[in-house]
Amino acid sequence: MWKFILKRVLLSIFILLFVTLIIYTIMRFIPTSYVDAMAREMSMKPGALSFQDLRKQLNSVYGLDDPVLIGYFKWLSHAIRGNFGDTWYYTGTVTKKFADVIWNSFFLGAVAFFFQIIIAIPLGILSARKQYSKTDYAVTVVALIGISLPTFFFATLLKLVLSVKLGWLDLYGSVGKFHNQLSTWGKFMDIISHNLMPIMTLVIVNIGSLMRYTRTNMLEVLNADYIRTARAKGLSESKVINKHAFRNTLIPIVTILGGTIPGLFSGAMITETLFKIEGIGRISYDAMVHGDIPFTMFYLSFLAMLTLLGTLIADIMYAIVDPRVRIS
Amino acid sequence: MANNDYENKPLNTEDIDEKRIAREDFVSEDRSDALDDEARIKVLSPTMLVMKRFFRNKLAIAGLIIIASMFLFSFVGGLISPYGEKQTFFKEEEMMKDYASGSFNREYKFDFKTEMDFSTDARAKFVLALNQGNTTFENGDESYFIESVSDKYHRISKLAPVAENVLRIGDDLIYSPVNDYEFTEELENAIIDTMKQHKNHFAFDGRTYVISSQGRMSAISVADDVAIASMMVYDAYDKDTSFNYEFKKNAETAFNTEEADTFTANGVTYRFEKIADSKNIEYIIYKVDDGGEKEYALASNFIVTPSMQDMFLDIEFKKALKEAALAKDKTFTAKNEQGEDTEFTIYPKDNEYQVKNMQITKVLKSYERPSMKHWLGTDRNGMDLLTRLMYGGRVSLIIGFIVITIEIIIGVILGGVAGYFSGWIDNLIMRIVDIFNCIPSLPLIIIIGSVMDQRKVPNDERIMWLMVIMGILGWPGIARMVRGQILSLREQEFMIAAEATGLTPTRRIFKHLVPNVIPQLIVLATMGLGGIILTESTLSFLGIGVKFPYASWGNIINDVSEIHVLKNYWFVWIPAGFLILITVMGFNFIGDGLRDAFDPKMKR
C-alpha cells in the first residue's frame, strides 16, 4: 500500500514539474512587448516600483532574459521556497494576496459542496430505485439542465428574480454596506444573505454530474447478484436498500468526492466574478485580464497542483477501497 | 409498434440480453406472433438496432429535435432573415436640440481691406487704445490712427509719415518731407489751420492727415483707411449675400452722417431706412437698381448664430428672436430652415439667448422592445436580436464542431497508438495525457485572450486561435477513452487475424481498432460538443472569446453586465441564455440516448 502511494506521489510530482514547465513556457512565449507594456503600465501606478526595478525583479524571479529551461529552473527554485514575486495588479506579494482571499473561496465552495452532497445523493438514489418512473425522468432532466446551464446565465437569472424583481437580496458583494454596524446575529444573517445566490448558483450548476453518477452507481449495485440474494432471503426493501445497496454505492461516490475536495480551493471564477466576491477565482480573473503575470503564473501552478492532488486522493482512496487496484 | 429487433439472434450473449430487455420493456406487446411469423424472422443490422433503441428514448428524440431546430434556426434562419449580422438600425427621434443662439452685441466687429493690414493683435491693441482714450496706437512697425465717428463706429487707418520736424511759427510752416511727399500750398494752409485749432487730424483732398506731436516738433502722416470697427451686425436677406469692407464702411458712414438716405458701394446704390426706438436702432438697407428697391440687409445690434455651420437663418427668424428676447418671452414661433412654422424655446443665460426646438435626429435603435419589425427587439448597438441570435448560433455550432474535430483527431491518434503499443509508448503518451489534463484551460485561455486584446489581434483570427487552443487543451479525455477501449479490443481474435494477414500496425490501429471505438467516440463527441459550446459562450460572455461585431450567444448576453439592462431589458439576454441552455441540453440528451442505445447493458 505504501509503495503504491509513494509511486503515485512521485508520479504526481513529476507531472507537476512538466505542467509548470509548460505553463512557464507559455508565459515566456507571451511577446516581450506585452510584458514590457504591462510592466510599464504597472510602474505608472502610484507607489509602484520604477520600470527598471520591476523589470529587474522580474528577471531575478522569472529569469526572463535566460533561455526557457534555465529560466524555468530559476523560477522553480524561487517558487519552491514560496517566492512568487510581487503582484502587478494588486499590492504586496502574490502569496500574501493569495492568503488574504483563499478562505473566502474555500468557505463558499465548502458550503456549496455540502449542499450538493445532501441534495444530489438522495435524489440520485431515488431515481435509481424508481428507474424509468416519472421521478427518474424528472431527476434526469433536472440533472441534465444543471449540467447544461451556463453559470453566468443562471447567476444572472437569480439576480433578476431575487434581487431586481423581489428585492430580497443585494445584487452583489460578500457583505452588505453596513456590515460593521450590525450585531453579531445581524452580521451572520448579512453574510448568509449575501452568499445565498452564489451558493445556489454553484449548487445547481454542479449538482447534475454527482446526481447522475450516484444514479448510475446505484443502478449497477441494484442489479448485482448479492442484492437479488438479499431480496431472495426475504429482507425488507428498506433493509436491502439501506444496508446492502447504499453502502456499496457509497464506495465509488466517496472516492470521487474525496478527489474533488482539493478543487474547493480553486475558487469559482465566474460565480465569484459575477457576485463580486473577493475569492481566489475573482482575484485571479482580474489579475489575468490585466496581465498580472506573476499572479497568473502562481494561480495556474496552484490549479495544476490542486488537480493533481485531487487525482492522487481519488487514486489512493480507490486503492484503499478496492485492493485489486493496488496490484495492477 | 413492430418490435422485431430481438429476432436478430446470432448466438451471442449480448443479443440474448438485448432480447430480455426488450421483453421486459414491452410486456404488453402482442404475443400472438408465431415463431415462423415473417415479422419475427426479419433481421436487423446492428446500426438499425441502435437506431431503433435510440428512437425509443423520448429524451433522445427531444434532444434530436432541439439540435435539428437549432441548425435550422442558425443556418437557414440566417439566410431567411431579412437583416444582416452586422446591420444596425436607426430611428428618428424628436429631441430638444440647439438651433441657434442670439445676443445683444457688445463687441466690436471689425471689417478690413485685407487680413494683412489689420491682424488680431492690432484688433486687441485697438480696443486697448480706445479704452484708454488714445487716438493712435502701434502694432509692430505700424502705427494706426483711430477716428471715432460715433461711440459705436470707429474708422481705423494706417499712418504713413509724410513730414517730420514740423514746426509752426505764426503762419509759417517748417518741415522736412519724407520720401519727397508733395506739399501744395493748400495743404500747408490746411495744416496751419488745424494746428491753430489744436486738432490732431484733418481731411484734405479726400485723404485724412494726422498731426502727432513729437516734443516741440510735430510729425504729419497721411492716414489710409484699413479697417472699421462697429457694433453693428449685418444680416442678409438672401442666403448668398455677403458684405465686404467697402459696403460696410460706406453704410456706416452714411448712417452716421445722416446727410442722405442713400449710399453707394461697389458700384451699387443702396437706400436705408432707420428704425429707432428707445432701446435700439436698426437700419434696413434696400438695394436700388433699375427694377426698383429690394430688401438687402439689416443692420442691428443683435447677433444670431446658428448652432450648425452652413445653416442660414433668415431675417424673420432673427427679428422674431430679438423681439422675444426684448420682451423676455420664453417661446416664440418662427419659420425654421425648411420654412415650416416651428415653436422655439429660449433659454436665456447672461446676455445670451439659447434657442432650442424639437428636431428630428437619427439615433441608434438600442434596446428596442420586441415588435413586428424586430421580433426580439434590438440590442445595444441597434442590431436585430433575432438575427444576431441566428448568426451567434452559427458561430457557436461551428466552433463546437471544429474544436471537437481537433480533439478527436489528436485523441484518436494518441489514444490509439498508446492503447495498441502499450509498454513505454503507452506510458509516455499517458503521462502527456496526465500533463494536459492538469493544465487549467479556462485561465490559460483568459490570459491568452488578454494578450490578444493587447496586441489587437483581428476578430476572425481570434476565433481561429480560440478554436485551436480549446482543441489542443481538450483532447486528453478522448485519448483516455480510446486507449481504454483499444486495450481490451486488441486481445480479441480478429486482431490476431489482422496480425496474421500481415497488416501494418497503422492499418491495424486505424482500420480495425478505431472503427470499433466509434460508438463511444460519438457519445463522447456529442457530450463534448455541449461542453465546448458552454466554454465558448462563457468566454464570449467575459469578452475574451468571440468579439463584437461577430455575434455569439455569449457576447449577446454580455450586455447584461450593465445593471440597467438587467433590470429593464429581459429580451436582450434571456433568449440567448435559453438557446445556450437548450442546445447544450440537446447535445447531452442525444449523447445520453446514444450511449444507452449503443450499450444496452449500461442502461440496466
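Quantities reported herein were computed from a predicted structural model and do not represent experimental measurements. (Residues numbered from 1 in each chain as written. Chains lettered and ligands numbered in written order. Predicted model: local features only at pLDDT ≥ 70, side-chain atom pairs only at ≥ 80, totals over all residues. Heavy atoms only, no water.)

A. Main features of the overall build of chain B. Along the backbone of chain B there are 19 helices and 18 strands. Here chain B has a C-alpha radius of gyration of 47 Å; the compact-globule value for 604 residues is 25 Å, and the former is much larger. Taken over the C-alpha atoms alone, chain B extends approximately 155 × 55 × 40 Å along its principal axes. Every one of the 604 residues in chain B was classed for burial, and the buried ones make up 47%. In chain B, the share of contacts with a sequence separation of at least 24, taken over all contacts with a separation of at least 6, comes to 60%. Split by element, the accessible area of chain B, about 30900 Å² in all, is 54% carbon and sulfur. Side chains of chain B carry 66 positive and 85 negative charges; the gap between the two charge centres is 11 Å. (Helix = DSSP H or I, 4+ residues; strand = E, 2+ residues; numbered from the N terminus. Rg over C-alpha atoms; globule rule 2.2 N^0.38 Å. Buried < 20%, exposed > 50% of the residue type's maximum accessible area, 1.4 Å probe, protein only. Contact = heavy atoms within 4.5 Å. Areas by Shrake-Rupley, 256 points an atom, 1.4 Å probe, with all protein chains shown as cover. Lys, Arg positive; Asp, Glu negative; His and termini not counted. Charge placed at Lys NZ, Arg CZ, Asp CG, Glu CD.)

B. Looking closely at the confidence of the model for chain A. Mean pLDDT over chain A stands at 84; residues scoring 70 or higher make up 91%. Per-element averaging of pLDDT across chain A places helix H2 (residues 32–44) of chain A at the bottom with 67 and helix H5 (residues 94–129) of chain A at the top with 91. (pLDDT = per-residue confidence, 0-100.)

C. Broad picture of the interface of chain B and chain A. With 43 residues of chain B at the contact, the number on the chain A side is 53 residues. With both sides pooled, the region where chain B packs onto chain A buries about 4300 Å², and carbon together with sulfur makes up 80% of that total. For the pair chain B and chain A, the interface holds 1 salt bridge. A salt bridge links B:Asp592 to A:Arg212; its shortest N-O distance comes to 2.5 Å. Sorting elements by how many residues they give to the side of chain B that touches chain A places helix H18 (residues 570–598) of chain B first, with 12 residues. (Buried area = accessible area lost by both parts, 1.4 Å probe. Salt bridge = Lys/Arg side-chain N within 4 Å of Asp/Glu carboxyl O.)

D. Here's a closer look at the sheet that holds strand E17 (residues 341–349) of chain B. Residues and elements named next belong to chain B. Spatially, 5 strands are ordered E15-E1-E18-E17-E16 in an open sheet, and the strand pairing comes out antiparallel. At either margin of the open sheet sits one strand with a lone partner, and together these are strand E15 (302–306) and strand E16 (331–335). Each adjacent strand pair in this sheet contributes to an overall mean axis angle of 35°, direction not counted. In this sheet, E15 lies alongside strand E1 (residues 90–104) in antiparallel orientation, the contact comprising 5 bridges. Residue pairing for E15: alanine 100 is matched across the bridge by proline 306. Packing of helix H8 (residues 315–327) onto the sheet brings it into contact with E1, E15, E16, E17 and strand E18 (352–364), and relative to E16 it is tilted by some 170°. (Pairing = 2+ DSSP bridges. Axes fitted to C-alpha atoms, helices over the stretch in contact; angles between N-to-C directions.)

E. Molecular detail of the domain arrangement of chain B. Parsing chain B into structural domains produces domain 1 (62–84 + 375–598), domain 2 (108–230) and domain 3 (234–362). On a C-alpha basis, the centroid separation for the pair domain 1 of chain B and domain 2 of chain B is 90 Å. (Domains from an automatic or database assignment.)

F. Quick look at empty space enclosed by the protein. All names here are of chain B. A complete count under the given rule lists 4 cavities of 30 Å³ or more for this structure. There is about 50 Å³ of room inside the second largest cavity. Every residue lining the second largest cavity is listed: Asp235, Glu282, Leu298, Ser300, Phe302, Lys318, Lys319 and Lys322. For the lining of the second largest cavity, the secondary structure elements donating two or more residues are strand E14 (292–300) and H8. Its residues assigned to classes, the lining of the second largest cavity comprises 2 nonpolar, 1 polar and 5 charged. (1 Å grid on protein atoms, 1.4 Å probe; cavity = no way out; pocket = protein on both sides within 12 Å on 5 of 7 lines; lining within 4 Å. Points joined across faces, edges and corners; volume = space filled by probe spheres on them. Nonpolar A, V, L, I, M, F, W, Y, C, P; charged D, E, K, R; others polar.)

G. Here's a closer look at the domain arrangement of chain A. All names here are of chain A. The domain architecture assigned to chain A consists of domain 1 (2–79) and domain 2 (100–325). Computed from C-alpha atoms alone, the centre-to-centre distance between domain 1 and domain 2 is 32 Å. If you look at the interface, domain 1 gives 20 residues, while domain 2 gives 16 residues. Here domain 1 meets domain 2 over a buried area of about 1600 Å², counting both sides, of which 82% is carbon and sulfur. At the boundary of domain 1 with domain 2, the tally comes to 1 salt bridge. Residues aspartate 315 and arginine 8 are paired through a salt bridge, measuring 2.3 Å at the closest nitrogen-oxygen approach.

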